[in-house]
Amino acid sequence: MIYCVEDDRSIRELITYTLKISGFDAEGFENARDFFDALEKTIPELILLDIMLEGKDGLQILKELKESDRFKDIPVIMATAKTSEFDKVIGLDSGADDYLAKPFGMMEMVSRIKAVLRRSQKEPADQIIRYGEIEIDKAKYSVRIGNDPIDLTPKEYDLLLCLVENPGIVFSREQLLDKIWGLDYLGESRTIDVHINTLRNKLGPLGKCIVTMHGIGYCLKEENNG
């Protein structure tokens, strides 16, 4: 089941129609109230969420979803008429898995949804990975430094996990975009710089272990020497 939250009736009906003829079950909602009422009854595979909604907007809805233990793992694609890099980063940094800038084609939408669904089918993991004082629990999707939990967005978590699992390996921005956002991501590589900077800040002194390789990309020091 795919849920679409879109206050423009014609767009909402076109999206749900396209999804149904593409083999998905789909249901559309005009506002946050109707959407959350439905969510209590059925948890969808993915949510297509417009940012510009009357009343509670898409970013507010996204925040509530990601703060809920029950709903935080539902993949979300943001749809918005805004096209600046800042607005895209805000949505992605808030936990969205991808975005679509209006006007978008229906086949592009279906392709993005399929790509996000593929990426969200993670293999179960129960191991704990450590790098110095950093501890990543893949089963709980959590990060700690010593005894202190670190609150990361999904993309920051994925970036850190990628680097910790491959210390000393240099990744270009394009490689990180492919690994974290997927081959179907059409955004700019500067998105990586923004997320690396926020990740460094949240890691505190340990953030300096993420090294910028000028003109290439980023890597994690092979050994944590503080």
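Scroll up a little and you will see the structure.
So, a few notes on the structure that sits alongside this text. (Residues numbered from 1 in each chain as written. Predicted model: local features only at pLDDT ≥ 70, side-chain atom pairs only at ≥ 80, totals over all residues. Heavy atoms only, no water.)

## Regarding the sheet that holds strand 7 (residues 134–137)
The strands that make up a sheet pair up through hydrogen bonds in the backbone, lying either parallel or antiparallel.
Working step 1: Reading across the sheet, the four strands line up as 6-7-8-9 and stay open at both edges, with antiparallel pairing between neighbours. With partners counted over all chains shown, the strands left at the sheet margins are strand 6 (128–131) and strand 9 (148–150), one partner each. Averaged over all pairs of adjacent strands, the angle between strand axes in this sheet comes to 25°, irrespective of strand direction.
Working step 2: Bridge count between strand 6 and strand 7: four bridges; the pairing is antiparallel. (Pairing = 2+ DSSP bridges. Helix = DSSP H or I, 4+ residues; strand = E, 2+ residues; numbered from the N terminus. Axes fitted to C-alpha atoms, helices over the stretch in contact; angles between N-to-C directions.)

## Topic: the pattern of salt bridges
Working step 1: Using the criterion set out here, one finds 15 salt bridges in the structure.
Working step 2: For Arg-112, the salt bridge identified is with Asp-98, shortest N-O distance 3.1 Å. Highlighted residues: Arg-112 in helix 5 (residues 106–120) and Asp-98 in strand 5 (residues 98–101), separated in sequence by 14 residues. The two residues Arg-112 and Asp-98 agree in class, both being buried.
Working step 3: Between Arg-112 and Glu-108 there is a salt bridge whose closest N-O contact spans 3.4 Å. On the criterion of helical spacing, the pair formed by Arg-112 and Glu-108 is a turn pair, its members being four residues apart in helix 5.
Working step 4: Overall, the relative accessible area of 6% leaves Arg-112 in the buried class. (Salt bridge = Lys/Arg side-chain N within 4 Å of Asp/Glu carboxyl O. Buried < 20%, exposed > 50% of the residue type's maximum accessible area, 1.4 Å probe, protein only.)

## Let's talk about the environment of Phe-71
Working step 1: Mapped onto the secondary structure, Phe-71 falls in the loop between helix 3 (58–66) and strand 4 (76–80).
Working step 2: C-alpha separation for the pair Phe-71 and Ile-43, spaced 28 residues apart in sequence, amounts to 7.7 Å.
Working step 3: Apart from residues no more than four positions distant in its own chain, Phe-71 is found in contact with Leu-39, Glu-40, Ile-43 and Leu-65. (Contact = heavy atoms within 4.5 Å.)

## Considering unusual backbone geometry
Working step 1: Residue Lys-102 is joined to Pro-103 through a cis peptide bond whose omega torsion reads -5°.
Working step 2: Along the chain, the position of Pro-103 falls in the loop between strand 5 and helix 5.
Working step 3: With phi around 55°, Tyr-141 is a residue other than glycine that occupies positive phi space.
Working step 4: Looking at the element boundaries, Tyr-141 is found in the loop between strand 7 and strand 8 (142–145).

## Observations concerning a nonpolar patch on the surface
Working step 1: On the surface, Leu-14, Tyr-17 and Ile-21 cluster together to form a nonpolar patch covering roughly 330 Å² of accessible area.
Working step 2: Since its relative accessible area comes to 56%, Ile-21 is described here as exposed. (Patch = residues over 30% accessible without salt bridge, like charges linked within 9 Å, V, L, I, M, F, W, Y side chains within 5 Å. Areas by Shrake-Rupley, 256 points an atom, 1.4 Å probe, with all protein chains shown as cover.)

## Observations regarding the sheet that holds strand 12 (residues 217–220)
Working step 1: Here three strands make up an open sheet; going across it, the order is 10-12-11 and the pairing antiparallel. Looking at the sheet topology across the chains shown, the edges are occupied by strand 10 (171–172) and strand 11 (210–213).
Working step 2: Here strand 10 runs beside strand 12; their pairing, made up of two bridges, is antiparallel. The residue of strand 12 that forms the bridge with Phe-171 is Tyr-218.

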